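Commentary on secondary and tertiary structure
These are the residues of each chain, in order.
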Amino acid sequence: MIGRLNHVAIAVPDLEAGAAKYRTALGANVTAPQAEPDHGVTVVFIELPNTKIELLEPLGEDSPIRGFLEKNPSGGIHHLCYEVEDIRAARDQLKAGGARVLGDGEPKIGAHGKPVLFLHPKDFDGALIELEEV
Ligand code: CO
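Residues numbered from 1 in each chain as written. Predicted model: local features only at pLDDT ≥ 70, side-chain atom pairs only at ≥ 80, totals over all residues. Heavy atoms only, no water.

Take the coordination of the cobalt ion next. Within the protein, His7 (NE2), Glu54 (OE), His79 (NE2) and Glu130 (OE) serve as the donor atoms for the cobalt ion, at 2.1 to 2.4 Å. Here the donor residues of the cobalt ion are spaced in sequence according to H-x46-E-x24-H-x50-E. Here His7, found in strand 1 (residues 5-11), pairs with Glu130, found in strand 9 (residues 128-133); they are 123 residues apart in sequence, far enough to count as distant. By relative accessible area, Glu130 is classed as buried at 5%. (Donors = N, O, S within 2.8 Å, 3.2 Å for Na, K, Ca; no water. Helix = DSSP H or I, 4+ residues; strand = E, 2+ residues; numbered from the N terminus. Buried < 20%, exposed > 50% of the residue type's maximum accessible area, 1.4 Å probe, protein only.)

Moving on: the pairing of strand 8 (residues 115-119). Counting buried residues in strand 8 gives four out of five residues, a clear majority hidden from the surface. Two strands pair when backbone bridges link them, and strand 7 (residues 108-109) and strand 8 are joined in this way by two bridges, in the antiparallel orientation. Among the inter-strand pairings, Ile109 is bridged to a residue of strand 8, identified as Pro115. Between strand 7 and the antiparallel strand that follows it, strand 8, lie five residues; Gly113 among them carries a positive phi value of about 75°. Sheet analysis places strand 8 next to strand 9, joined by four bridges and oriented antiparallel. The residue of strand 9 that forms the bridge with Leu117 is Leu131. (Pairing = 2+ DSSP bridges.)

Moving on: the side chain of Arg91. By the secondary structure assignment, Arg91 is in helix 3 (residues 87-96). Setting aside residues no more than four positions away along its own chain, Arg91 makes contact with Val101, Gly105, Glu106, Pro107 and Leu117. (Contact = heavy atoms within 4.5 Å.)

The subject of this paragraph is the layout of surface pockets. Taken as a whole, the largest pocket spans an internal volume of roughly 660 Å³. Lining the largest pocket are 35 residues, with His39, Pro64, Leu102, Phe118 and Leu128 positioned closest to its centre. Secondary-structure elements contributing two or more residues to the lining of the largest pocket are strand 4 (41-47), strand 5 (52-58), strand 6 (76-84), strand 8 and strand 9. By residue class, the composition of the lining of the largest pocket is 15 nonpolar, eleven polar and nine charged. (1 Å grid on protein atoms, 1.4 Å probe; cavity = no way out; pocket = protein on both sides within 12 Å on 5 of 7 lines; lining within 4 Å. Points joined across faces, edges and corners; volume = space filled by probe spheres on them. Nonpolar A, V, L, I, M, F, W, Y, C, P; charged D, E, K, R; others polar.)

Throughout the structure, instances matching the rule amount to six salt bridges. Measuring nitrogen to oxygen at the nearest pair gives 3.5 Å for the salt bridge that ties Glu83 to Arg4. With a gap of 79 residues between them, Glu83 in strand 6 and Arg4 in the segment before strand 1 connect regions that are remote in the sequence. On the basis of relative accessibility, which here comes to 12%, the residue Glu83 falls in the buried class. Residues Arg23 and Glu16 are paired through a salt bridge, measuring 3.4 Å at the closest nitrogen-oxygen approach. Classification of Glu16 by relative accessible area gives partly exposed; the value is 46%. Where salt bridges share partners, they join Arg88, Arg91, Asp92 and Glu106 into one cluster. (Salt bridge = Lys/Arg side-chain N within 4 Å of Asp/Glu carboxyl O.)

Along strand 4, six of the seven residues are buried, which leaves the element largely enclosed by surrounding structure. The pairing of strand 2 (residues 29-30) with strand 4 spans two bridges and is classified as antiparallel. Within strand 4, the residue paired with Val30 across the bridge is Ile46. Examined bridge by bridge, strand 3 (residues 34-36) and strand 4 share three bridges and lie antiparallel to one another. The residue of strand 4 that forms the bridge with Ala35 is Thr42. Between the end of strand 3 and the start of strand 4, which pair antiparallel, lie four residues, with Gly40 showing a positive phi angle near 70°.

Here is the structure:
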């Protein structure tokens, strides 16, 4: 069902500082910061030849990554994003197999303007998984 790894997301306490490390120390192309109020984060993407790295900084008081950064104040890997062709079909198949979909179960529009869903990390060995329809 799943296809390519679309991105690995890292929660960071300071987006500009995080972006600067990739731009300067690692010599990567980093996109401009993009506010995602629906998801409670501001993001930049680091564009690699085979995938992307997404840096996430909290946006707003009830950002879903605030608790994560309280537990991991210097930042940490937050989620993996896999591509799927049909996100509703993928969701229905996963739910039928017992996996829990976060939120109301309906896809939201993600940072790339495409529908996304998140799967409960306890069902996937402690890894939060994002599915993105491509
Ligand atoms: Co993501």
